[in-house]
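Commentary on secondary and tertiary structure
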Amino acid sequence: MIKLITPIYTNNKFDSFFKMLEILEKEHGVTQSKPAIRKLPEIGRSKSHLMTDWSPRCMAIVRIEYQGEGYFLLEVDTSDGRASIATKVISARALQPLGLLRDFIPEIERRLLSNQFSWPKKYFDQLVGGSNHKSISHQQSKNEGRLNAEEVERWAIRVSAFLSEFFI
């Protein structure tokens, strides 16, 4: 008799991002800072800053080091399925002469929500240059955005390869 193993899924897309970071750290030589989690601000009368269950929509900001280079990863919680937005990667080296990322976050958040969950590409181009920020799409899932361990592992491999190819 063959025993089927049921895959274990993460709770949601946001949880999957943090699991992916753990794998990057354990298996791909990435070091990470403690993530900063921010509640997205209310912009006008839009409700984009809220999840569909009315809880605050959050953005994670994580600084990572990979092969001697620093990067910031920005991840917006879209676990409610209201929108889909890739993980934003910004070169820390390109940002450093301009100041601290935290100085630019309010404007990034404002533009993100004003653009209907689209990263403000022109703003990032002006801020750090077009070759110093990229977006990494999320791993595809057959289970409504919840990823199993194998899918999270594939996402980590893609992020690692992406960092190697595009920034180094």
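First, a word on what this report is: a plain description of the structure on this page. (Residues numbered from 1 in each chain as written. Predicted model: local features only at pLDDT ≥ 70, side-chain atom pairs only at ≥ 80, totals over all residues. Heavy atoms only, no water.)

1. Thoughts on the pattern of salt bridges
- By the definition in use, this model includes 8 salt bridges.
- Two residues, Glu-107 and Arg-110, come together in a salt bridge whose shortest N-O distance is 2.7 Å. You can see Glu-107 and its partner Arg-110 sitting in helix 3 (residues 101-114), 3 residues apart, about one turn around the helix.
- Using a relative accessible area of 37% as the deciding quantity, one classes Arg-110 as partly exposed.
- With a closest N to O distance of 2.6 Å, Arg-111 and Glu-107 form a salt bridge. Here Arg-111 and its partner Glu-107 are both found in helix 3, 4 residues apart, which amounts to about one turn of the helix.
- A single salt-bridge network, built from bridges that share partners, covers Glu-107, Arg-110 and Arg-111. (Salt bridge = Lys/Arg side-chain N within 4 Å of Asp/Glu carboxyl O. Helix = DSSP H or I, 4+ residues; strand = E, 2+ residues; numbered from the N terminus. Buried < 20%, exposed > 50% of the residue type's maximum accessible area, 1.4 Å probe, protein only.)

2. Comments concerning helix 3
- Between the first and last C-alpha of helix 3 there are 20 Å, a value that for 14 residues agrees with the 20 Å anticipated at 1.5 Å per step.
- Along helix 3, the sharpest change in direction is near 25 degrees and occurs at Glu-107.
- Where helix 3 is concerned, the buried positions are Leu-101, Phe-104, Ile-105, Ile-108, Glu-109, Leu-112 and Leu-113.
- Along its buried surface, helix 3 packs onto strand 2 (36-39), strand 3 (58-66), strand 4 (69-76), strand 5 (87-91), helix 2 (92-95) and helix 4 (121-128).
- Looking one or two residues past helix 3, Gln-116 carries a phi angle of roughly 55 degrees, positive in sign. (Expected span 1.5 Å × (residues − 1). Bend = angle between axes of the 7 residues up to and from the residue. Contact = heavy atoms within 4.5 Å.)

3. Structural notes on the nonpolar core
- Counting residues in hydrophobic clusters, the biggest one holds 24 residues, and the most contacted among them are Met-59, Leu-74, Leu-101, Ile-108 and Trp-119.
- Looking at this core, the elements that each hand over two or more residues are strand 3, strand 4, helix 2, helix 3 and helix 4.
- With 6 residues, the single largest contributor to this core is helix 3.
- Residues Leu-21, Val-30, Tyr-66 and Leu-147 belong to the second largest nonpolar core, which totals 23 residues. (Core = buried A, V, L, I, M, F, W, Y, C linked by side-chain atoms within 4.5 Å.)

4. Concerning the pairing of strand 4
- With 8 of its 8 residues buried, strand 4 lies for the most part within the structure.
- Residues of strand 4 alternate between two faces, with Glu-69, Tyr-71, Leu-73 and Glu-75 on one and Gly-70, Phe-72, Leu-74 and Val-76 on the opposite face, all of them buried.
- Relative to strand 4, strand 3 runs antiparallel, the two sharing 8 bridges. Among the inter-strand pairings, Ala-60 is bridged to a residue of strand 4, identified as Glu-75.
- Adjacent in sequence and paired antiparallel, strand 3 and strand 4 are bridged by 2 residues, among which Gln-67 carries a positive phi angle near 50 degrees.
- With 4 bridges connecting them, strand 4 and strand 5 associate as antiparallel partners. Along strand 5, the bridge assignment pairs Phe-72 with Ile-90. (Pairing = 2+ DSSP bridges.)

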